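Spelled out from the first residue to the last, the chains are:
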Protein chains: 2
Amino acid sequence: MKNFTHKIPTRFVFGRGAEKQVGAEIKALGGTRVLIHYGGGSAVRSGLIDRVETSIREAGLYSVTLGGAQPNPRDTKVYEGIALIRREHIDFVLAVGGGSAIDSAKAMAHGSQYDGDFWDFFCGKAKPEASLPIGCVLTMSAAGSESSNSCVITQESTKTKRGLGSEFNRPVLAIMNPELAMTVPPYQIACGATDILAHIMERYFTIDTDVDLTDRLCEAAMAAVIRAARIAVKNPSDYDAQAQLMWGSTIAHNNTLSVGRESDFGSHQIEHELSAKYDVPHGAGLAVVFPAWMRFHMPNHVMRFAQYAVRVWGCQMNFEHPEETAMLGIEAHEAFLREIGMPTTLKELGAKTEDIPFLAAHTKKNNPAGFTGMCYPMTVADIEAMYRIADR
Amino acid sequence: MKNFTHKIPTRFVFGRGAEKQVGAEIKALGGTRVLIHYGGGSAVRSGLIDRVETSIREAGLYSVTLGGAQPNPRDTKVYEGIALIRREHIDFVLAVGGGSAIDSAKAMAHGSQYDGDFWDFFCGKAKPEASLPIGCVLTMSAAGSESSNSCVITQESTKTKRGLGSEFNRPVLAIMNPELAMTVPPYQIACGATDILAHIMERYFTIDTDVDLTDRLCEAAMAAVIRAARIAVKNPSDYDAQAQLMWGSTIAHNNTLSVGRESDFGSHQIEHELSAKYDVPHGAGLAVVFPAWMRFHMPNHVMRFAQYAVRVWGCQMNFEHPEETAMLGIEAHEAFLREIGMPTTLKELGAKTEDIPFLAAHTKKNNPAGFTGMCYPMTVADIEAMYRIADR
């Protein structure tokens, strides 16, 4: 088990009607002038933005709104938010939405406290040294951005999608009402569940296999998320299933499930190129990448994949041919993704065979050497080979 | 799934040599005058107190020491600490030890900021409204006090052992080096593992059975703790086993494993009377109480106990007679406790059959009506019947 430090500064307010407490919660945290950042018109039409504004007003605080956060959030919107924060002397940034709105809000909060171009943080030129407190009213279970140290932004002009890891990324407040996720379309629920599972798998397929406790916590979370996803995709109004997906999204990506060992975000890095190029949902891209990534790496990590198959998918262990068990787990994973309506081939994403060399080269070009795969490292040729597995 | 709020303010610094960072960490948290509170002479003899004092001095901070925290920590020591804190203008209380030192330090921190008698907090007369920041250098995996909201103190004159739940109880800093637990005697390691398991089981045996995710996380943690305990009791210098017990002790009792539902601390309440009356280790008392508690409640919660048997102990499910499976799990649990050297009968604790009515009545008398068992409530007659199961 590796040495680690761990702290989650987020205060979680979870449950039915939780959004009505947002004003009082922000006030308790010292916020006085709030930027409410959200995505499309649905948050307005559903009355959610109105409820949030009312709660903030009733707490005696000032707020302004900024809509238009897009899936795969853009740098252009971040610049707009930074200008607004400065103009309005905002001291608390509240995202209302899913990972896109939250990531967009995070970048705004950091950029507003930085003299240079905020993109410096995403291309590795600078690190955030100050930010504004960030909160969210979560409406979708997926990215885990509600308490993660991650933030992913796409530079619109170059279609470059880049992540920033920083403790400044962790929100101080996460308002989580699973009822708000009930209006998310089943396809998006499935994309979210795929993203949650990917976050856990990236912590599970590691070279540090000496942390039995973390292994088992990961397996537990994966089993629960798989079960809840099956229910929620069929019946989005099932509160308990939505609640477990929502809390699952949080613990999947805030280090609760990775203390004491390295994670491998190679597959996420690879996927960013897919969703940047074809503008497909992140979860759909991951559904294509992950089964191929698993098939590519399994031969070198047979017992780990067999453990995954046995403990998460309930496969019987074949002690003579563990690779058979390992493959059963991968097949079960892929069958589950198809069951909940996810694509699992490049074709289904609209990607062509001839794009593969570009996708592979771009992944490597845009990441520092060795970054693609902290635990299971991959060369450009490896990534190409992996993509060809997904090209069916 | 029930509504909840959740926040863990503790910063965890975990790993080999972590105690050398204690000074810098306290400084970063704003502490300047530190009370170092510890238990017996072993922390001094091992050089740990010296290393802690050196680290604090090198960070430019002032410290004083107060030893003598006892197992089942006493109010008398707390009064001594409160006086010292006031005299020395202490602004940070650091416990070096296990749950006893930490709980003692917590009570001192609260009491020092209160005009009345600190015992008011423990007999329900008052609630803490201020405290000093609390940190710890953990030397034993057991109570989970390093980030829990719990604190248990014994009033020496009346042998009354009482707990206080308060967010002020959560340390802001937990320095956790599993190597420090390697000198704990195997019997105490086993007591600690029993306490950790009890904390998880009190979250698992609940009436809120609709939170599959929390169920599975509990099962995962129990399985890992059982495995690590077996290893650590045989070989206390196994780092990974000690590391997993130590992190297990933390997550077992800081609400990571109980979000969204009620816990049932009835068995802990019952045990407090045992360790207060016979001055036995808390873990040893729990080892006697828990198998009896399970046998008492199983007939009314057969499927939950069967789930426990199947998922934690790997028992085969008997679908025709699930109560048989449920009992197999209880027997496996008890066999494990004996394997690691724990007592499982009242006799082994030195308790006599004729003490049972007193123990049962005292549990109830010292707890508000209905407190003994939030989920599986117990009358005095029930507690007596349970004790008789343990009287073999």
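One can find the structure itself at the top, above this paragraph.
Residues numbered from 1 in each chain as written. Chains lettered and ligands numbered in written order. Predicted model: local features only at pLDDT ≥ 70, side-chain atom pairs only at ≥ 80, totals over all residues. Heavy atoms only, no water.

Novice: Just checking my understanding: could you explain the overall build of chain A for this structure?
Specialist: Summing up its helical and strand segments, chain A has 15 helices and eight strands in all. Each of the 392 residues in chain A was classed as buried or not, and the buried ones make up 63%. Expressed as a percentage of contacts within chain A between residues at least 6 apart in sequence, the contacts between residues at least 24 apart total 78%. Element-wise, carbon and sulfur atoms account for 52% of the exposed surface of chain A, whose accessible area totals about 13,900 Å². Taken as two groups, the 38 positive and 44 negative side-chain charges of chain A have centres that lie 3 Å from each other. (Helix = DSSP H or I, 4+ residues; strand = E, 2+ residues; numbered from the N terminus. Buried < 20%, exposed > 50% of the residue type's maximum accessible area, 1.4 Å probe, protein only. Contact = heavy atoms within 4.5 Å. Areas by Shrake-Rupley, 256 points an atom, 1.4 Å probe, with all protein chains shown as cover. Lys, Arg positive; Asp, Glu negative; His and termini not counted. Charge placed at Lys NZ, Arg CZ, Asp CG, Glu CD.)

Novice: Please explain unusual backbone geometry as it appears in this structure.
Specialist: Glycine aside, negative phi is the norm for most residues, and most peptide bonds take the trans geometry. The phi dihedral of lysine 159 of chain A is positive, around 55 degrees, even though this residue is not glycine. If you trace the backbone, lysine 159 of chain A turns up in the loop between β6 (150-155) and β7 (160-165). A relative accessible area of 47% places lysine 159 of chain A in the partly exposed class. You will see that asparagine 255 of chain B, though not glycine, has its phi angle at about 85 degrees, which is positive. Here asparagine 255 of chain B lies in the loop between α8 (239-252) and α9 (266-278).

Novice: What should I look at first to understand helix α11 (residues 302-313) of chain B in this one?
Specialist: Residues and elements named next belong to chain B. Along its twelve residues, α11 runs 15 Å from first to last C-alpha, staying within 8% of the 16 Å computed at 1.5 Å per residue. Summarising burial for α11: nine of the twelve residues are buried, a large majority. Those residues of α11 not exposed but buried are Val302, Arg304, Phe305, Ala306, Gln307, Tyr308, Ala309, Val312 and Trp313. Summarising the contacts, the buried residues of α11 are in contact with α6 (186-204), α7 (212-234), α10 (282-297) and α12 (322-339). A positive backbone phi angle near 70 degrees is found at glycine 314, which sits one or two residues after α11. (Expected span 1.5 Å × (residues − 1).)

Novice: So what exactly am I meant to see when it comes to the nonpolar core here?
Specialist: Across soluble globular proteins, you tend to see nonpolar side chains buried next to one another. Trp247 and Trp293 of chain A together with Trp247 and Trp293 of chain B are the most contacted members of the largest nonpolar core, which has 227 residues in total. Apart from the residues within four sequence positions on either side, tryptophan 247 of chain A is in contact with Phe12, Phe14 and Met176 of chain A together with Met1, Phe4, His6, Leu213 and Val259 of chain B. (Core = buried A, V, L, I, M, F, W, Y, C linked by side-chain atoms within 4.5 Å.)

Novice: So what exactly am I meant to see when it comes to the pattern of salt bridges here?
Specialist: Residues and elements named next belong to chain A. Scanning the model with the defined rule gives 41 salt bridges over all chains in all. Arginine 170 is paired through a salt bridge with glutamate 167; the nearest N and O atoms lie 2.7 Å apart. The closest approach of N and O atoms between arginine 388 and glutamate 384, which form a salt bridge, is 3.0 Å. You can see arginine 388 and its partner glutamate 384 sitting in helix α15 (residues 380-390), four residues apart, about one turn around the helix. A relative accessible area of 41% means that arginine 388 is categorised as partly exposed. (Salt bridge = Lys/Arg side-chain N within 4 Å of Asp/Glu carboxyl O.)

Novice: What exactly am I supposed to notice about empty space enclosed by the protein here?
Specialist: By rolling a water-sized probe across the atoms, one finds the places where empty space is left. For the coordinates displayed, the defined rule picks out five cavities of 30 Å³ or more. Around the largest cavity, the lining comprises 20 residues; the ones closest to its centre are His6, Ile8 and Thr256 of chain A together with Ile8 and Thr256 of chain B. The dominant element in the lining of the largest cavity, judged by the number of residues it contributes, is strand β1 (residues 4-14) of chain B, at five residues. (1 Å grid on protein atoms, 1.4 Å probe; cavity = no way out; pocket = protein on both sides within 12 Å on 5 of 7 lines; lining within 4 Å. Points joined across faces, edges and corners; volume = space filled by probe spheres on them.)

Novice: Looking at this structure, how should I read the interface of chain B and chain A?
Specialist: Think of interface size as the accessible area that goes away when the parts come together; that is how it is often given. Counting residues at the interface gives 35 residues for chain B, matched by 35 residues for chain A. Interface of chain B and chain A: buried area, both sides summed, is about 3,200 Å²; carbon and sulfur atoms make up 63% of it. Run the count over chain B and chain A and you get 14 residue pairs in polar contact (both at pLDDT 80 or more). For the side of chain B that touches chain A, the elements supplying multiple residues, two or more each, are β1, α7 and α8 of chain B. Among the elements that line the side of chain B that touches chain A, the one with the most residues is β1 of chain B, at eleven residues. Residue composition of the side of chain B that touches chain A, grouped by class: 19 nonpolar, eight polar and eight charged. (Buried area = accessible area lost by both parts, 1.4 Å probe. Polar contact = N/O pair within 3.5 Å; in protein donor to acceptor, adjacent residues only side chain to side chain. Nonpolar A, V, L, I, M, F, W, Y, C, P; charged D, E, K, R; others polar.)

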